[in-house]
Amino acid sequence: MSESAAPSRDVLAGQVAELARRVSELESRLGGGARPPGGEAEPPDTYPDTYWALPHLRERLEEAEHGGVLFAGSVVVPSGQRVEWERSAATDAVLGTDWSELAETLGALGQPVRLRLVQALLEGRSAVAELTELDGLGTTGQIYHHLRQLVAAGWLETTTRGRYQVPPTRLVPLLIMITAARR
């Protein structure tokens, strides 16, 4: 190859810089190992030792002195509707609040019957008549009592008379709490 046909140093430097940028971008994408070549996120259980959300959390909370938390979800309910939700908060903001104000909301889920009712609703039952057919939930009056407690705490809402659902804005947080409670 003659010297005149060889790329100039400036052209080579530009190509090397572009390759370095592309490699850096690929490394940042694969840094947590969570994205395969196609760019699709791996199912969470495929690589349980790999973190893919943490780099984004770190980026989002760069100025938070003590870090923070992130939780998110994309859920398809029995009706076929997709519910997507996410929230992040700086650690100091979470620790700086009065947790005792959350006792009623958290306590409403502290009953096995209430948890079973919420689970049944998420499985597609919505009417009290359907819930009374389930074993171990008590009488219709007891079921209504538990449903009122869950509505008051914001975990359920009424859709029509005698029908209930988990509000879309509470679905992912509820599933996160259930997941977090597992040991």
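Our structure is the block above this text.
Residues numbered from 1 in each chain as written. Predicted model: local features only at pLDDT ≥ 70, side-chain atom pairs only at ≥ 80, totals over all residues. Heavy atoms only, no water.

### Remarks on the overall build of the chain
Step number 1: Each helix and strand counted, the chain has 8 helices and 4 strands in total.
Step number 2: Element order for the chain, N to C, with α for helix and β for strand: α-α-β-β-α-α-α-α-α-β-β-α.
Step number 3: Counting the 183 residues in the chain, one finds 20% classified as buried.
Step number 4: Excluding contacts between residues fewer than 6 apart, the proportion of contacts in the chain whose partners are at least 24 apart in sequence is 42%.
Step number 5: Of the roughly 13,200 Å² of accessible surface on the chain, a fraction of 53% belongs to carbon and sulfur atoms. (Helix = DSSP H or I, 4+ residues; strand = E, 2+ residues; numbered from the N terminus. Buried < 20%, exposed > 50% of the residue type's maximum accessible area, 1.4 Å probe, protein only. Contact = heavy atoms within 4.5 Å. Areas by Shrake-Rupley, 256 points an atom, 1.4 Å probe, with all protein chains shown as cover.)

### Points about a nonpolar patch on the surface
Step number 1: On the surface, Val69, Val94, Leu95, Trp99, Leu102, Leu106 and Met177 cluster together into a nonpolar patch covering about 620 Å² of accessible area.
Step number 2: With respect to the helices and strands, Val94 occurs in helix α3 (residues 91-95). (Patch = residues over 30% accessible without salt bridge, like charges linked within 9 Å, V, L, I, M, F, W, Y side chains within 5 Å. Salt bridge = Lys/Arg side-chain N within 4 Å of Asp/Glu carboxyl O.)

### As for helix α7 (residues 140-152)
Step number 1: Taking 1.5 Å per residue as the helical rise, α7 with its 13 residues ought to reach 18 Å, and the 18 Å between its terminal C-alpha atoms agrees with that figure.
Step number 2: Those residues of α7 that are buried lie in contact with α5 (112-122), α6 (128-132) and β4 (163-165).
Step number 3: Gly154 occupies a position one or two residues after α7 and carries a positive phi of about 90 degrees. (Expected span 1.5 Å × (residues − 1).)

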